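The residues making up each chain are set out below.
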Amino acid sequence: MTLRQTRNAATRQRSASRGSVTAETAAMLPALMIVLAAALWAIQAVNVQLECVDAARAAVRAAARGEPLDQVRELARSATRPDAHVEITRDAEFTHVEIAVDVRPAWGVSLPAVPVSAAATAATEP
């Protein structure tokens, strides 16, 4: 077998598989977009979780100092989302704040919501 025959055989093999990468990429692209969308949704849920933790900490400090509970609720909602469910319990020893939010992606309103919540407890000041 001469060098020319070897080169022609290699060229024929390359031309038979030519374009297969493009076809595979086109077939894989929808699945890749779904994975990307799910990852962005998860990042959004983690971001809301961190907002809830920060809001619960600020709210429990304010409630433990003795501020009115309506103002504490508004403080917590302003730090997270207006539709956040804020539950505050205050007794002589401890103050407890729990914040819950349902996270739904902006691009998928019909998708189920992911419940995210955070809680914080502090000693009630006299």
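Refer to the structure above for everything that follows.
Presented here is an overview of the structure given in this document. Just so it is clear, the structure is predicted and the values come from calculations on it, not from any experiment. (Residues numbered from 1 in each chain as written. Predicted model: local features only at pLDDT ≥ 70, side-chain atom pairs only at ≥ 80, totals over all residues. Heavy atoms only, no water.)

## Comments concerning helix α2 (residues 20-65)
An ideal rise of 1.5 Å per residue puts 68 Å on 46 residues; α2 measures up with 67 Å between its terminal C-alpha atoms. Along α2, the largest kink reaches about 40° and is centred on leucine 29; proline proline 30 follows within four residues of it. Turning to α2, its buried residues number three or more, namely Trp41, Ala45, Val48, Cys52, Ala55, Ala56, Ala59, Val60, Ala62, Ala63 and Ala64. Looking at the buried side of α2, the elements it contacts are α3 (69-79), β1 (85-90), β2 (94-103) and β3 (114-123). Count one or two residues on from α2 and you reach glycine 66, which has phi positive near 105°. (Helix = DSSP H or I, 4+ residues; strand = E, 2+ residues; numbered from the N terminus. Expected span 1.5 Å × (residues − 1). Bend = angle between axes of the 7 residues up to and from the residue. Buried < 20%, exposed > 50% of the residue type's maximum accessible area, 1.4 Å probe, protein only. Contact = heavy atoms within 4.5 Å.)

## Observations concerning the sheet that holds β2
With antiparallel pairing, three strands are arranged side by side in an open sheet as β1-β2-β3. In this open sheet, the two strands that pair with only one neighbour each are β1 and β3. Neighbour-to-neighbour, the strand axes of this sheet turn through a mean angle of 10°, independent of strand direction. Relative to β3, α2 is tilted by about 25°, and along the sheet it contacts β1, β2 and β3. Against the sheet, α3 contacts β1 and β2, and its axis sits at roughly 140° relative to β1. (Pairing = 2+ DSSP bridges. Axes fitted to C-alpha atoms, helices over the stretch in contact; angles between N-to-C directions.)

## Observations regarding the environment of alanine 56
Here alanine 56 lies in helix α2. Taking the relative accessible area as the measure of exposure, alanine 56 reaches 0% and is therefore buried. Here alanine 56 is in contact with Val97, Ile99, Ala118, Ala119 and Ala120, once residues within four sequence places are set aside.

## Topic: the nonpolar core
Within the largest apolar cluster, 22 residues are counted, with the highest numbers of intra-cluster contacts made by Cys52, Val97 and Ile99. Within the residue set of this core, elements represented by two or more residues are α2, α3, β1, β2 and β3. Ranked by residues supplied to this core, first place goes to α2 with ten residues. Not counting residues within four places of it along the chain, the set of residues in contact with valine 97 comprises Ala56, Ala59, Val60, Val86, Glu87, Ile88, Ala118, Ala119 and Ala120. (Core = buried A, V, L, I, M, F, W, Y, C linked by side-chain atoms within 4.5 Å.)

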